[in-house]
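# A closer look at the structure
In case you want the letters, here they are:
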Amino acid sequence: IHFESRLLLAPMSAICNSSFRVLMETLGAGGTVSELVSCHGINYGNERTLKMLELSPLEKNMGLQIFGEDQKAMAKAAVIAEKYQPKFIDINMGCPVRKVVNNGGGSALLRDPKKLSGFFKAIKNSLSIPLTIKMRTGWDSETINAPEVINIAEGEGIEFVAIHGRTRTQ
């Protein structure tokens, strides 16, 4: 993925709508990412969820971020999200919110790195555009596993990794 600037806008829930992303690109962001979107909401065809996937024609280097725990559901949602013509699809592996984590999504994905190779592969193989991830350094101070997760991601062809420099518990 080529960005005009190394400054990228991180995904932020309830903030990174299309208007804000366009503003950030205008102010010099080389790329932007949507707020996290539920793979299950996408797959169910929820109108409000699908609205979150819409891009402005003014957006140049925009990625759609999806979250979920099931690789088949994530792959299916990624295919639907790709139809909205983002430059890349981003997997949320950083959300610490209880309702996301309790279902196995967001930062909960960091709890069992052995499952990530197949998870990444299923999603990556469903796409014709780059796949990226945003993650935390680990679940807690006892399980800092970012290097391991990055190596797995690289092995599966993940284009880039953004790291939120804290653990989930922090």
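Thresholds applied
- Residues numbered from 1 in each chain as written.
- Predicted model: local features only at pLDDT ≥ 70, side-chain atom pairs only at ≥ 80, totals over all residues.
- Heavy atoms only, no water.
- Core = buried A, V, L, I, M, F, W, Y, C linked by side-chain atoms within 4.5 Å.
- Buried < 20%, exposed > 50% of the residue type's maximum accessible area, 1.4 Å probe, protein only.
- Helix = DSSP H or I, 4+ residues; strand = E, 2+ residues; numbered from the N terminus.
- Contact = heavy atoms within 4.5 Å.
- Right-handed = clockwise from strand over helix to strand, strands pointing away.
- Pairing = 2+ DSSP bridges.
- Arc of directions from axis to C-beta.
- Disulfide = S-S within 2.5 Å.
- Polar contact = N/O pair within 3.5 Å; in protein donor to acceptor, adjacent residues only side chain to side chain.
- Phe/Tyr/Trp six-rings, centres within 6.5 Å; stacked < 30°, edge-to-face > 60°.
- Salt bridge = Lys/Arg side-chain N within 4 Å of Asp/Glu carboxyl O.

Attention shifts here to the nonpolar core. Membership of the largest hydrophobic core comes to 32 residues, with the highest contact counts inside it found for Ile89, Ile91, Met93, Phe120 and Ile133. At 5 residues, helix α4 (residues 71-82) tops the list of elements feeding residues into this core. The residues contacting Met93, other than those within four sequence positions of it, are Gly106, Ser107, Leu109, Leu110, Leu116, Phe120, Ile133, Lys134, Met135, Arg136 and Val149.

Below, the discussion takes up the pairing of strand β4 (residues 88-93). Counting buried positions along β4 gives 6 out of 6 residues, so the element sits mostly inside the fold. Here β4 shows no split at all, with Phe88, Asp90 and Asn92 on one side and Ile89, Ile91 and Met93 on the other all buried. Between the parallel pair strand β3 (residues 62-67) and β4, the chain is carried across by α4, and the sense of this crossover is right-handed. In this sheet, strand β5 (residues 131-136) lies alongside β4 in parallel orientation, the contact comprising 5 bridges. Its bridge partner being in β5, Met93 is matched across the sheet by Met135.

On to helix α6 (residues 116-125), then. Along α6, the residues classified as buried are Leu116, Phe119, Phe120 and Ile123. Angular distribution of buried residues about the axis of α6 spans 90°; they occupy a single face of the element. Lining the buried residues of α6 we find α4, β4, β5 and α7 (146-155).

With that settled, the discussion passes to the state of the cysteines. Taken as a whole and assessed by the stated rule, the structure comprises 0 disulfides. Sulfur of Cys39: no disulfide; nearest cysteine sulfur belongs to Cys95 and is 13 Å away.

With that settled, consider the side chain of Gln65. The topology assignment puts Gln65 in strand β3. Given the relative accessible area of 1%, Gln65 is considered buried. Only 3.0 Å separates the side chain of Gln65 from the side chain of Asn92, close enough to count as a polar contact. With near-sequence residues (within four places) excluded, Gln65 lies in contact with Pro11, Val33, Ser34, Glu35, Leu36, Val37, Asp90, Ile91, Asn92 and Lys134.

The next thing to look at is the packing of aromatic side chains. The geometry of an aromatic ring pair is captured by two quantities: the separation of the ring centres and the angle between the planes. Under the defined criterion, the tally for this structure stands at 4 aromatic pairs. Relative to Phe88, the ring of Phe3 has its centre 6.1 Å away and its plane inclined at 90°; by these criteria the two rings are edge-to-face. Of this pair, Phe3 sits in the segment before α1 (18-26) while Phe88 sits in strand β4, and the two are 85 residues apart along the sequence. Seen from their ring centres, Phe3 and Phe160 are 5.8 Å apart, and the 80° between their planes marks the pair as edge-to-face.

Attention shifts here to the pattern of salt bridges. Opposite charge on two side chains permits them to pair, given that their charged atoms come into close proximity. As enumerated under the stated definition, the model contains 3 salt bridges in all. When the shortest N-O distance is used, the salt bridge between Glu59 and Arg21 registers 2.6 Å. With Glu59 in the loop between α3 (47-51) and β3 and Arg21 in helix α1, this pair connects stretches of sequence that are 38 residues apart. A single burial state applies to Glu59 and to Arg21, both of which are buried. Residue Asp112 is joined to Lys115 by a salt bridge in which the shortest nitrogen-to-oxygen separation is 3.8 Å.

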